[in-house]
Amino acid sequence: MISCPVVMADIVLTTLNAKYLHTAFGLRYLLANLGDLKSRACLIEFDIHQRPLDVVEVLLARQPSIVGFGVYIWNVSQTTEVVATLKRVRPELTVLLGGPEVSFEVEQLKICQLADYVITGEVDSKFAELCGK
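Conventions adopted
Residues numbered from 1 in each chain as written. Predicted model: local features only at pLDDT ≥ 70, side-chain atom pairs only at ≥ 80, totals over all residues. Heavy atoms only, no water. Helix = DSSP H or I, 4+ residues; strand = E, 2+ residues; numbered from the N terminus. Polar contact = N/O pair within 3.5 Å; in protein donor to acceptor, adjacent residues only side chain to side chain. Contact = heavy atoms within 4.5 Å. Buried < 20%, exposed > 50% of the residue type's maximum accessible area, 1.4 Å probe, protein only. Phe/Tyr/Trp six-rings, centres within 6.5 Å; stacked < 30°, edge-to-face > 60°. pLDDT = per-residue confidence, 0-100. Core = buried A, V, L, I, M, F, W, Y, C linked by side-chain atoms within 4.5 Å. Arc of directions from axis to C-beta.

Whenever I open this one, the side chain of Thr 15 confuses me. Can you help?
Structurally, Thr 15 can be placed in strand 1 (residues 11-17). Side-chain polar atoms of Thr 15 contact the backbone oxygen of Gly 70, separated by 2.7 Å. In contact with Thr 15, not counting residues within four places along its chain, are Ala 24, Leu 27, Ile 44, Glu 45, Phe 46, Gly 70, Tyr 72 and Asn 75.

Written out as structure tokens, the structure is:
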């Protein structure tokens, strides 16, 4: 499920949903609260059954400078693989994580060690603030 055309976007909001028909309302909330940055952003959703390498290819086609991931118990393994590949291919890419799976035990999770920022708690204004830096 892709919610933006294949155009460049500085900021990409993404997650791997449990099923194709699911929708990530949290990402839509973040997108709506980006303020002036909204025109530079897009939202792309995947599902956990897609190959991580295919996810990386779609994300990099947008040529982002920031990718924000929603991380949940059902997608943490696949998202970790996607983030690791992104950072290996484009180490300068800024990766932000948020969501319930990365809100606790941040130091112990491999995905958190790969990311540039982990946002815990309320993310609406924190995400926009980090993207504006």
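Mind showing me how you'd approach the environment of Leu 30 here?
With respect to the helices, strands and loops of the structure, Leu 30 is situated in helix 1 (residues 25-32). For Leu 30, a relative accessible area of 10% corresponds to the buried category. The sequence separation of Leu 30 and Ala 128 amounts to 98 residues, and the corresponding C-alpha distance is 7.7 Å.

Sorry if this is basic, but what is going on with the packing of aromatic side chains here?
Note on aromatic pairs: each is described by the distance of the centres and the angle between the planes. Counted by the stated rule, this structure contains one aromatic pair. Plain terms: the ring middles of Tyr 72 and Trp 74 are 4.7 Å apart, the flat faces sit at 0 degrees to each other, and that makes the pair stacked. Judged by relative accessible area, Tyr 72 falls into the partly exposed class, the value being 21%. The class of Trp 74 is partly exposed, set by a relative accessible area of 40%.

Help me understand the confidence of the model for the protein chain, please; the structure alone is not making it clear to me.
As a note on interpretation, predicted positions should not be read in detail where pLDDT is low. On average, the protein chain scores 88 in pLDDT, and the residues at 70 or more come to 89%. The least confident element of the protein chain, judged by mean pLDDT, is helix 5 (residues 124-131) at 80; the most confident is helix 3 (residues 76-89) at 97.

In this structure, what is going on with the nonpolar core? I would like to understand it.
Most often, soluble globular proteins have nonpolar side chains that are buried together. Among the nonpolar cores identified, the biggest contains 25 residues, and Leu 59, Phe 69, Leu 97 and Ile 111 are the most heavily contacted of them. Looking at this core, the elements that each hand over two or more residues are strand 1, strand 2 (41-47), helix 2 (52-61), strand 3 (66-70), helix 3, strand 4 (94-98) and helix 4 (110-114). Look past the residues within four positions of Phe 69 in its chain and what remains in contact with it is Thr 14, Leu 59, Thr 79, Val 82, Val 83, Leu 86, Val 95, Leu 96, Leu 97 and Gly 98. Formed by 17 residues, the second largest nonpolar core is a distinct cluster that contains Ile 11, Leu 34, Leu 96 and Cys 131.

Hey, could you run me through helix 2 in this one?
Residues spaced three or four apart along an α-helix face the same direction, because each turn holds 3.6 residues. Buried within helix 2 are the following residues: Pro 52, Val 55, Val 56 and Leu 59. Projected onto a plane normal to the axis of helix 2, the buried residues spread over an arc of 100 degrees and lie on a single side. With respect to the buried face of helix 2, the exposed residues turned more than 90 degrees away are Leu 53 and Glu 57. Where the residues of helix 2 are buried, they touch strand 1, strand 2, strand 3 and helix 3.

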